[in-house]
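# A structural walkthrough
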Amino acid sequence: MSSILPVAFDGIAYASWLFLISAGLTLIYGVMRILNVAHGSLYALGAYAACSLAGAWLGGGLPAAGSFAMLLLAAVLVGCIVGPALERGLLQWMYGKDEVVLVLITYAVFLIMEDVIKLVWGVDSLLLPEPYALPGNFSIGGLPYPVYNLLLIALALVTGLALAWALYRTRAGKLLLAVIHDREMSMALGINVDRVYLATFSIGAALAALGGAFTAPAVAVTPGIGVEVIVLAFAVVVIGGLGSLGGAALGALLVGLVRSATVRYWPEAELFSIYAVMALVLIARPKGLFAAQEARKI
Amino acid sequence: MRIAAAAVAAVAALSGLALTAPQWLVFMAMLALAKGVVVLGLLVLMRTGLVSFGQGLYFGIGAYAAALLSHHWHIADAAAMLAAGTLAAALVAALLGLLLAGYRDIFFAMLSLAFSMILYGVLVKSAALGSTDGFNLHARTFLGLALTSGMERRVFLIAGAVSVAAVALAVHKLLAGDWGRLAAGVRDNELRVSYLGASPYRVVYVNYLVAAALAGLGGALAALAVGHVDPETTYWTTSGEFVFIAILGGTQSILAPFLAASIFEALRTVASQYAPNVWQMSLGVAMLAIIMFLPAGLWTLAERRRRPA
Amino acid sequence: MTQVLAAQRLKKSFGAVTAAADISLSFDSDTVVSLIGANGAGKTTFLNMVTGYLKPDSGRIQFGGRDIVGLSPRRIANLGISRSFQIPQLFQSMSVRDNLLLAESIAAADDPQAATDAALARFALADYAAQKAGLLPEGIRKLLDVAMALSSRSRLLLLDEPTSGVSADEKFAIMDVVMGAALAAGVTVIFVEHDMDIVARFAGRVVAFYEGGIIADGPPDSVLRAADVRRYVIGEELSDAVA
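Residues numbered from 1 in each chain as written. Chains lettered and ligands numbered in written order. Predicted model: local features only at pLDDT ≥ 70, side-chain atom pairs only at ≥ 80, totals over all residues.

It is worth spelling out the overall build of chain A at this point. Across its full length, chain A carries twelve helices and two strands. In chain A, the order of α-helices and β-strands from amino to carboxyl end is α-α-α-α-α-β-β-α-α-α-α-α-α-α. Computed over the C-alpha atoms, the radius of gyration of chain A is 19 Å, within 12% of the 19 Å expected from 2.2 N^0.38 for a compact globule of 298 residues. Taken over 298 residues, chain A has a buried fraction of 49%. By sequence separation, contacts in chain A at least 24 residues apart represent 77% of the contacts at least 6 residues apart. (Helix = DSSP H or I, 4+ residues; strand = E, 2+ residues; numbered from the N terminus. Rg over C-alpha atoms; globule rule 2.2 N^0.38 Å. Buried ≥ 20, exposed ≤ 12 C-beta atoms within 10 Å, placed from the backbone. Contact = placed C-beta atoms within 7 Å.)

Right under this line is the structure:
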């Protein structure tokens, strides 16, 4: 029974990470109807940028606590530079196309970005342990537990609440919601959908990069870390319902807790457990937990 | 009739190549054939309006089934391996298809990807199956006839060419007739298909099964060519390659997958020699270029009813 | 004269909206029936319940003596109920001929090619046979939509606003073709319409819907002149004050 607490904590920490990597994906899909496979490479870009920026910061002898700001900066830069570059430079010419064709396009972008990352940062692993070790440990049930994970949980909460507030309580957010509901109608009402798309994609990119940047201190950053992320993020987003932020949160929590329990009691089935949850949810609710209602077709 | 003549000519050409060409070319031809037949399965799915990002699942199942036959059950017959690969893939698809046939569009695409990654995870964690290293397979006979050393791949290529040609002609017949029209109907307007009295679910299920069996055959063939299986066969990049070849070749003819796969294999061989770090980027750029300027390959996708925004 | 379709006490609500408030209707094989009513009155909901797109909250529907509530649209189509759609549901990338051929092969016609040729002739579509369905003018699309519905298995044909979106000068011509083909095939027809001239010309019986209920049911002359119908369906201003 004493293992319940660490399992729960692990579960919530993992859920926080899952939410951070899924929020951007579901947001972009909800507004733009694009399942952004390049989400994985934006995540990786965030991780690599974090290594470079925080590495330079720490290498310059600056106070270690500031490295956290560097992580945030990495996410912001990716969001403000790469996001708009992709959206304005490529995606905006493709909006009329079929959803699956759009997936193929983002898939092609993913392939390209994977190699660009390799060309810029090389193929060796990068490590950034300082931010992870800095806050130290605390103990749960006698076992040491990194404070960094608490930071991750806090970050996920803040991000989720900030997004929810921005969507439901600000005018800009309401415009986004309008476009999510009906793009054509929004255009007819004079909403500048082009700008909404640009903003959404950039925010989504920043969120992906945020996930990557804050994961960098906890893992070895290598080419290909973005791959597993796409599949996991998709699983979480599908469980929650494509386009639903609350769904992503709930899906992340569900998957996080189930995975944590699996790792503790049945380690071989770890990877299996995530997709088993997805399969079970889809059998019960084919479009996910909070799927949008579909209007009558005929 | 033209297709049948073309297939016979292709088999003859490949057999000639098998008997006379150097080993490396025989090897490359086997891989092109193997990947081509997987992409043929993608073509069948695309006729129904679906893209699978996870054919690597069945490609891997086909490869491992063939390898396990010799490794665990000591049946070192190439013909048996080809059959085992096809059958194993079909069996798994019979089960998974029950779930997947209810999905469309990106759900279908990403779910198929997810399942292939599940198998990847299972294989990587399985010490009994060699984990990331995989294990070797060795076929010593074909239909009971002993193979002389050095001749194996030549025989496999001929056997592969014959079986793939037979299968391709069967697929052509399937798509050219009523079933192909029904599949196109499901792609264009599945609502109308049900109101006319047919079941889109059933159509997708059958096509999914066919595509899986084809991928299993391809996997077994590839395993025979390489002499080795590892989890890379089920990794998303492998599935991605199949999608790329499908786009490259277009969906107009059953010969297209094989032509595209040959071009692809040739390019890949060159790229891995001279520019391994930009291979994925080149694929990505080529894919974008094809989508933007030569959408004939995506013709069937483009014809689908546009979803409201 | 046999009873083809019978609906008993159908109820259907969507939240606060009552689309069907205890509807009972029966239809004979001999009479062409038109369903009229304002938008949202419940006529299309009724069609959708008969074809299996919607399930009534309660009530029964019998077709040829068989209960069909709860059956899928596919099974209902196989029993012989076909429908056309407000927005033509075609196979856009395929030719007119292939559209019909597909419909006939699904209907398990003995000779789909021959049945297709017959349909092309009956609906005067022969000139368009090779054209892609997605590129047809609206009136032809409507005809194709109905022609597909009228495949060999059809016994009851439900037409959902067959002349909507069709130019005024084509309406009668299209309805003439459609009704001629249906009656030649011995198929019972029920059609939803907003154009009262079409209703008057082609229906033998008119059922008027209003807010989920039926306010009139009878021959076109009497129904189209009834005060309620004029007020709630046709929308004429009456000399006496509106209640």
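Having seen the structure, we can now continue with the description.
The interface is formed by 34 residues belonging to chain A together with 34 residues belonging to chain B. Residue assignment for the side of chain A that touches chain B shows that the elements contributing at least two residues are α4 (99-121), α8 (183-188), α10 (225-240) and α12 (270-284) of chain A. Ranked by the residues each element gives to the side of chain A that touches chain B, the list is headed by α4(A), at 16 residues.

Right, let's get into the interface of chain B and chain C. Taken residue by residue, the interface counts 17 residues in chain B and 21 residues in chain C. Of the residues contributing to the side of chain B that touches chain C, the split by class is six nonpolar, five polar and six charged. (Nonpolar A, V, L, I, M, F, W, Y, C, P; charged D, E, K, R; others polar.)

Let's shift gears to the pairing of strand β2 (residues 17-28) of chain C. Residue and element names in this part refer to chain C. Inspection of the sheet shows strand β1 (residues 3-14) paired to β2 by nine bridges, in the antiparallel sense. Of the residues in β2, the one forming a bridge with Q3 is D28. Counted along the chain from β1 to the antiparallel partner β2, the turn is two residues long, and its residue G15 has a positive phi close to 60 degrees. (Pairing = 2+ DSSP bridges.)

Turning our eyes to something else, we now look at α4(A). In this model α4(A) runs 32 Å from its N-terminal to its C-terminal C-alpha over 23 residues, within 8% of the 33 Å that 1.5 Å per residue would give. Of the residues flanking the end of α4(A), it is G122(A), one or two places downstream, whose phi is positive at about 80 degrees. (Expected span 1.5 Å × (residues − 1).)

This part covers the pairing of strand β3 (residues 33-37) of chain C. Residue and element names in this part refer to chain C. Within β3, five of the five residues are buried, which leaves the element mostly enclosed by the surrounding structure. Side chains of β3 alternate between two faces, with V33, L35 and G37 and S34 and I36 buried alike. Judged from the five bridges that link them, β3 and strand β9 (residues 205-210) form a sheet pairing that is parallel. By the bridge assignment, V33 is partnered in β9 with R205.

Residues and elements named next belong to chain C. The six strands lie next to each other as β6-β7-β8-β3-β9-β10, forming an open sheet whose pairing is mixed. Each of the sheet's edge strands pairs with one partner strand only, and the pair in question is β6 (81-83) and β10 (213-218). Averaged over all pairs of adjacent strands, the angle between their axes in this sheet comes to 20 degrees, without regard to strand direction. (Axes fitted to C-alpha atoms, helices over the stretch in contact; angles between N-to-C directions.)

What follows concerns the sheet that holds strand β4 (residues 58-63) of chain C. Strand order across the open sheet formed by four strands is β2-β1-β4-β5 (chain C), with antiparallel pairing between neighbours. Each of the sheet's edge strands pairs with one partner strand only, and the pair in question is β2 and β5 (66-67) of chain C.

This brings us to helix α9 (residues 236-249) of chain B. For α9(B), which comprises 14 residues, the first-to-last C-alpha distance of 20 Å matches the rise-based estimate of 20 Å (1.5 Å per residue) to within 8%. With its phi angle positive at about 80 degrees, G250(B) sits one or two positions after the end of α9(B).

Attention now moves to the packing of α9(B) against helix α10 (residues 256-274) of chain B. Residues and elements named next belong to chain B. Two elements in contact, α9 and α10, have axes separated by 8 Å at closest approach and are oriented at 115 degrees. Crossing handedness for the pair α9 and α10: right-handed. Counting all contacts with α9, which are made through I245, A246, L248 and G249, the residues of α10 involved are A256, P257, L259, A260, A261, I263 and F264. Residue classes in the contact of α9 with α10 are distributed as ten nonpolar, one polar and no charged. (Left-handed = near helix turned anticlockwise from the far one by under 90°.)

Of all residues in chain A, 97% have pLDDT values of 70 or greater, and the mean over the chain is 87. At the level of individual helices and strands, chain A shows its lowest average pLDDT in strand β1 (residues 137-140) of chain A, which scores 80, and its highest in helix α9 (residues 193-215) of chain A, which scores 92. (pLDDT = per-residue confidence, 0-100.)

Counting 291 residues, the largest nonpolar core has A50(A) and A209(A) as the members making the most contacts within it. Of the residues forming this core, the biggest block, 17 residues, is contributed by helix α8 (residues 200-226) of chain B. Residue contacts for A50(A): discarding those within four places in its chain leaves M70(A), L71(A), A74(A), L128(A), G212(A), A213(A) and A216(A). (Core = buried A, V, L, I, M, F, W, Y, C linked by C-beta atoms within 7 Å.)

Right, let's get into the packing of helix α2 (residues 39-59) of chain A against α10(A). All names here are of chain A. Packing of α2 against α10 brings their axes to within 7 Å, and their N-to-C directions diverge by 130 degrees. Relative to α10, the element α2 lies oblique. Seen from above, α2 lies across α10 with right-handed handedness. Residues H39, G40, S41, Y43, A44 and A47 of α2 pack against I225, G226, V227, V229, I230 and A233 of α10. Partitioning the contact of α2 with α10 into residue classes produces eight nonpolar, four polar and no charged. (Parallel < 35°, antiparallel > 145°, perpendicular 65-115°, else oblique.)

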